[in-house]
Number of protein chains: 2
Amino acid sequence: MDEDVLYHLDLGTKTHDLPAMFGDVKFVCVGGSPKRMRAFAQFMHKELGLEGDGEDLADICAGTDRYAMYRVGPLLSISHGMGIPSVSIMLHELIKLLHHAKCRDVTIIRIGTSGGLGVQAGSVVITDRAVDACFQPRFEQVVLGDVVVRGTDLDGGLVEELLACSKATPDFPTLVGHTMCTYDFYEGKTCFGCPSPELSVQPVLRAAAVPRCVRVSSERSAPLERPLQIPALSQAKSSSADRMCVHLAPRYIRSVTRMAGTAVGGGGAMGELGGCYLAQLWHGSVGG
Amino acid sequence: MDEDVLYHLDLGTKTHDLPAMFGDVKFVCVGGSPKRMRAFAQFMHKELGLEGDGEDLADICAGTDRYAMYRVGPLLSISHGMGIPSVSIMLHELIKLLHHAKCRDVTIIRIGTSGGLGVQAGSVVITDRAVDACFQPRFEQVVLGDVVVRGTDLDGGLVEELLACSKATPDFPTLVGHTMCTYDFYEGKTCFGCPSPELSVQPVLRAAAVPRCVRVSSERSAPLERPLQIPALSQAKSSSADRMCVHLAPRYIRSVTRMAGTAVGGGGAMGELGGCYLAQLWHGSVGG
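Residues numbered from 1 in each chain as written. Chains lettered and ligands numbered in written order. Predicted model: local features only at pLDDT ≥ 70, side-chain atom pairs only at ≥ 80, totals over all residues. Heavy atoms only, no water.

Chain A goes by Uridine phosphorylase in an unreviewed UniProt entry, where it is assigned to Meleagris gallopavo. What UniProt records for chain A under Sequence similarities (unreviewed entry) is the sentence "Belongs to the PNP/UDP phosphorylase family." (UniProt positions renumbered as here; feature names shortened; annotations may be inferred.)

Once that is clear, we can look at the side chain of A:Ser79. Residues and elements named next belong to chain A. By secondary structure assignment, the location of Ser79 is in strand E5 (residues 75-79). Polar side-chain contacts of Ser79 include one of 2.9 Å to the backbone nitrogen of Ala68. Contact partners of Ser79, with chain neighbours within four places excluded, come to Gly31, Gly32, Ser33, Pro34, Met37, Tyr67, Ala68 and Met90. (Helix = DSSP H or I, 4+ residues; strand = E, 2+ residues; numbered from the N terminus. Polar contact = N/O pair within 3.5 Å; in protein donor to acceptor, adjacent residues only side chain to side chain. Contact = heavy atoms within 4.5 Å.)

Attention shifts here to the pattern of salt bridges. Counting across every chain of the model gives 10 salt bridges over all chains. Here A:Asp4 and A:Lys96 are joined by a salt bridge, their closest N and O atoms 3.1 Å apart. Here the residue A:Asp4 occupies a position in the segment before strand E1 (5-6), and A:Lys96 occupies one in helix H3 (residues 84-100), the gap between them amounting to 92 residues. Taking the shortest distance from any N to any O, the salt bridge between B:Asp2 and B:Lys14 comes out at 3.0 Å. Taken together, the residues B:Asp2 in the segment before strand E1 (5-6) and B:Lys14 in the loop between strand E2 (11-12) and helix H1 (18-22) connect sequence positions 12 residues apart. With respect to class, B:Asp2 is no different from B:Lys14; both count as exposed. Each of A:Asp132, A:Arg138 and A:Glu140 takes part in a single network of salt bridges with overlapping partners. (Salt bridge = Lys/Arg side-chain N within 4 Å of Asp/Glu carboxyl O. Buried < 20%, exposed > 50% of the residue type's maximum accessible area, 1.4 Å probe, protein only.)

Turning our eyes to something else, we now look at the side chain of A:Ser77. All names here are of chain A. Checked against the element boundaries, Ser77 lands in strand E5. Taking relative accessible area as the criterion, Ser77 reaches 0% and is therefore assigned buried. Once you skip the residues sitting within four places of it in the chain, Ser77 turns out to touch Cys29, Met37, Phe40, Ala41, Ala68, Met69 and Tyr70.

A word on helix H2 (residues 34-47) of chain B. Residue and element names in this part refer to chain B. In this model, H2 (14 residues) spans 20 Å end to end at C-alpha, consistent with the 20 Å of a helix rising 1.5 Å per residue. Here H2 has its buried residues at Arg36, Met37, Phe40, Ala41, Gln42, Phe43, Met44 and His45. Where H2 starts, the residue carrying a side-chain oxygen 3.3 Å from the main-chain nitrogen of Lys35 turns out to be Ser33. Of the residues one or two after H2, Gly49 is the one with positive phi, at around 70°. (Expected span 1.5 Å × (residues − 1).)

Since one α-helical turn is 3.6 residues long, residues separated by three or four positions face the same way. Turning to helix H4 (residues 156-165) of chain B, its buried residues are B:Leu158, B:Val159, B:Leu162, B:Leu163 and B:Cys165. The buried residues of H4(B) all sit within an arc of 155° when viewed along its axis, so they share a single face. (Arc of directions from axis to C-beta.)

It is worth spelling out the packing of aromatic side chains at this point. Taken as a whole and judged by the stated rule, the model has one aromatic pair over all chains. Here A:Tyr183 and B:Tyr183 contribute two aromatic rings whose centre-to-centre distance is 4.2 Å and whose plane-to-plane angle is 40°, an arrangement assigned as tilted. Pair noted here: A:Tyr183 is in the loop between strand E11 (174-181) and helix H5 (197-208) and B:Tyr183 is in the loop between strand E11 (174-181) and helix H5 (197-208), and the two residues belong to different chains. B:Tyr183 sits in the partly exposed class, given a relative accessible area of 25%. (Phe/Tyr/Trp six-rings, centres within 6.5 Å; stacked < 30°, edge-to-face > 60°.)

Let us look at the environment of A:Asp24. Residue and element names in this part refer to chain A. Among the secondary structure elements, Asp24 is positioned in the loop between helix H1 (18-22) and strand E3 (27-31). Expressed as a C-alpha distance, the spacing of Asp24 and Arg150, which sit 126 residues apart in the sequence, is 30 Å. Apart from residues no more than four positions distant in its own chain, Asp24 is found in contact with Arg71 and Pro74.

This is how it looks when you write it as structure tokens:
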């Protein structure tokens, strides 16, 4: 095409030199909150040993208030808002961005908080497979009036690498498991924001029938599926983003609606932990 | 319940005096972008003839970066991000907020831009019914593993009132029609961001079989359905929010991805137009 406007990122092929800006990006971390992804970028700035204190990091997407994007060394840290559709828009344009920038061997990881089922509060879960609101390993999307069904398995090699990284931080319980992804935060995840034992117990029981289903999230399927569901981007997927979207996602507390606001910490500790793993991956890849 | 934390709004029943803050709210306007909803609030500040210039409006949800909320006179202006799940979280907590604040006779209107089918660019469409990605007037949600189907008709009286308001602004073509709501911005709405005539023509042809389906959006069904799909809030729906979620939504241009960034204007003119209608409704209701 003559010009590709990545509208929600405030970037474009005619307005920006994308290969110069992003061509050497190797890791992309995505998460919901703009402030959290800025804090994560600043943490990574220090973790990667870059010059300066990272306090003056500029939002590359400052011209829009849809998403925020920060770059530190080989890493992009991008917010994606809440819910699959919001993630999908960002990821659609991100994959195009990596394609236009001629990136190679990119690893994309979502980091975020979530509810948990039967795991210790504060655990880190590395997702190996997403399941939908009916606990099925599939992602359905209507395309041109037809329902398209896609699989939801993640990069097994990256799962193992992240799990290996966790050995260096034994104070955070880390495990591999499935993640349930819903289209609704309250009813879909059975988080009504009020005590309702008879309602809340059911998904736990259902989940028990699904081996290793330990997380409940609202964004999991989208980043996983996005590179698969855009035919026009299949080349980008195979060439520039070989390892997509393994999910590093911790935190469990009974009331999800208070999760990130209370003592369990949510974003801060989550970001630091994700950063530790990522820094290990990065230093390992460059022999550092 | 002992305490209700409206987490994503950074409000709560123990931390805020919700009746004092919001008890006399009569209109709530919601839209995607935080900056846009701030600009809309400032426009309404002038339109309603309130004291001051409205430049120092404070974000009531400043403690979170999930949503932004501004109050001007009887109006709340709230951002909801992109996609049904993001809208759903906000609306779930908004309905609770109105309930806790003991609001009465509240009108909620979503204003936003969208794609259009067979209507003049720059038209305003007042939605009377939402249809899903398969053009059916229904909204499906998985609740506790079961698919729940709900209807999508809107408040006919409010549709007529808004249409009547449009007579005062004949320079904006205004019509009543259906809106298609998808879970996906690109594939779901057939906006691939690149020329693909054989793909893009199909939804137009399908839409032609649906009388008055003139809009394509990513958020339409959620605000409409939200008050219906939360059993615990049924009382709030009937008592505090009698007229829910008629949609005032304009703008059509061929490339949706560039819509709000080019000459057609998008948010600015949209907000002003919505404000004109709303000011008429408000002045009419108080005899002004």
